[in-house]
Each structure stands twice: as C-alpha cells, then as structure tokens.
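# Per-entry structural report
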Amino acid sequence: MPHEQDEVDRIVGAWSAERPDLDFSPMAVLSRVDRLSHHLDRARREAFRRTDIELWEWDVLSALRRAGEPYRLSPKQLLQQTLVSSGTMTNRIDRLRERGLVKRSADPSDRRGALVTLTDEGRTRVDAAITRLIDAEADMLSGMSAGDQSKLGTLLRHLLVSFD
C-alpha cells in the first residue's frame, strides 16, 4: 500500500525544507490531533444541534446523567466536572431550569445548599445526544481497525496522563 499523505505531511515537509535544523516530529503528531479536534468539534455540534442542546448544556446534562439515579448533583460537584466558574455554573443551571431540562431543589442535608436534578426531558435529550455522538465518533473512526483504535486510545491516554 502506498504511503498516504495528508495536509500535515505537506506542511511538515515544507517546514523541513525551509528549516532542516529543526525536528518537526512533534508537529507531525500534534497538528493531526488539532485537526482531528476540529472534526470532532463539528461532529459534536451537529449531534447536539439535532438534539436541540448546546455544547455548554451537554457538559452539565451529561454530568448529571453520568451520576446515575437519581441524576442529581450539587452545583459544587457540577463545577468540579465542568471546570467553569461558580457564576457561570449558576447561569447555566438557571438557563437549563428555564428550558425544563433540570430542576433545582434545596439540599435536605445542608440548609444552605442546593441540588440540581435532571428532568425527564433533560434525560431524553442527553440520551439522544449521546447516541448521536457515539454514532458520529464511530463513523469518524470507521477507517481504522478495532485493534488500531485500541492502540491509538492507549497512546493518547499515555500522553494525556501527563496533563491531567
């Protein structure tokens, strides 16, 4: 099979010709990761658009859904999972509540605290979104064997562990 070439090969080749004193192997890897990130972002946005949720809504709704029954977390727990400021999280919870996707209630174990719970409508939306997202991601990887996907996942995990 002939060696496949992509746009990153052309960019790295051009830079290598202009700056033969530099090792462009990091660019060859990370430019591909960056380009894949753009494709994944488009696929996610389309999956969420078809489910009538925004990317920021997905972050909150999916955190609640992953929590398991009764699909409830405190705002502090949501903050830890979504990495946004408390003011941003308050705004997001309020907007999701207005849309009927979550409800907010007092925390019975902490008078000053609150709990955010996924509504039936919120669960329906997030379940539809994850199904569409998994389908889109599987389609993105369809050109690779299961073994290659597993190897790539392992290699990317190894890289990401140093950042997490």
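First things first, this report covers the structure right here in the doc. Quick caveat, the model's predicted, so the values are computed rather than measured. (Residues numbered from 1 in each chain as written. Predicted model: local features only at pLDDT ≥ 70, side-chain atom pairs only at ≥ 80, totals over all residues. Heavy atoms only, no water.)

Attention now moves to a nonpolar patch on the surface. On the surface, a cluster of nonpolar side chains totalling about 1000 Å² of accessible area is made up of Val-29, Leu-30, Val-33, Leu-36, Met-140, Leu-141, Met-144, Leu-152, Leu-156, Leu-159, Leu-160 and Phe-163. Every element with two or more residues in the nonpolar patch is listed here: α2 (25–49) and α7 (146–161). Here Leu-160 lies in helix α7. Using a relative accessible area of 46% as the deciding quantity, one classes Leu-160 as partly exposed. (Patch = residues over 30% accessible without salt bridge, like charges linked within 9 Å, V, L, I, M, F, W, Y side chains within 5 Å. Areas by Shrake-Rupley, 256 points an atom, 1.4 Å probe, with all protein chains shown as cover. Salt bridge = Lys/Arg side-chain N within 4 Å of Asp/Glu carboxyl O. Helix = DSSP H or I, 4+ residues; strand = E, 2+ residues; numbered from the N terminus. Buried < 20%, exposed > 50% of the residue type's maximum accessible area, 1.4 Å probe, protein only.)

This brings us to the environment of Trp-15. Position of Trp-15 relative to the elements: it lies in helix α1 (residues 7–18). Setting aside residues up to four positions removed in sequence, Trp-15 forms contacts with Phe-24 and Met-27. (Contact = heavy atoms within 4.5 Å.)

In space, the 3 strands of this open sheet follow the order β1-β3-β2, with antiparallel pairing throughout. Because the sheet does not close on itself, it has two edges, and the strands there are β1 (72–73) and β2 (102–107). Summarising the sheet, β2 and strand β3 (residues 110–118) pair through 6 bridges and their orientation is antiparallel. Paired with Arg-104 across the strands is Val-116, a residue of β3. (Pairing = 2+ DSSP bridges.)

Turning next to the nonpolar core. In this structure, Phe-48, Trp-58, Leu-61, Leu-64, Leu-78 and Leu-96 are the most contacted members of the largest nonpolar core, which totals 22 residues. At the level of elements, α2, α3 (55–66), α5 (86–98), β3 and α6 (120–140) are the ones that each hand at least two residues to this core. Examining the composition of this core, we find that 6 residues originate from one element, α3, more than from any other. Non-local contacts of Phe-48, meaning those with residues more than four positions away in its chain, are made with Ile-53, Leu-55, Trp-58, Ala-129 and Leu-133. (Core = buried A, V, L, I, M, F, W, Y, C linked by side-chain atoms within 4.5 Å.)

With that settled, consider the pairing of β3. Where β1 lies against β3, 2 bridges are found, and the strand directions are antiparallel. Paired with Leu-73 across the bridge in β3 is Val-116. Linking β2 to β3, which pair antiparallel, is a turn of 2 residues.

Let's shift gears to unusual backbone geometry. The residue after Glu-69, namely Pro-70, is reached through a cis peptide bond having omega 5°. You can see Pro-70 is positioned in the loop between α3 and β1. Positive phi outside glycine occurs at Asp-52, with the angle close to 60°. Along the chain, Asp-52 turns up in the loop between α2 and α3.

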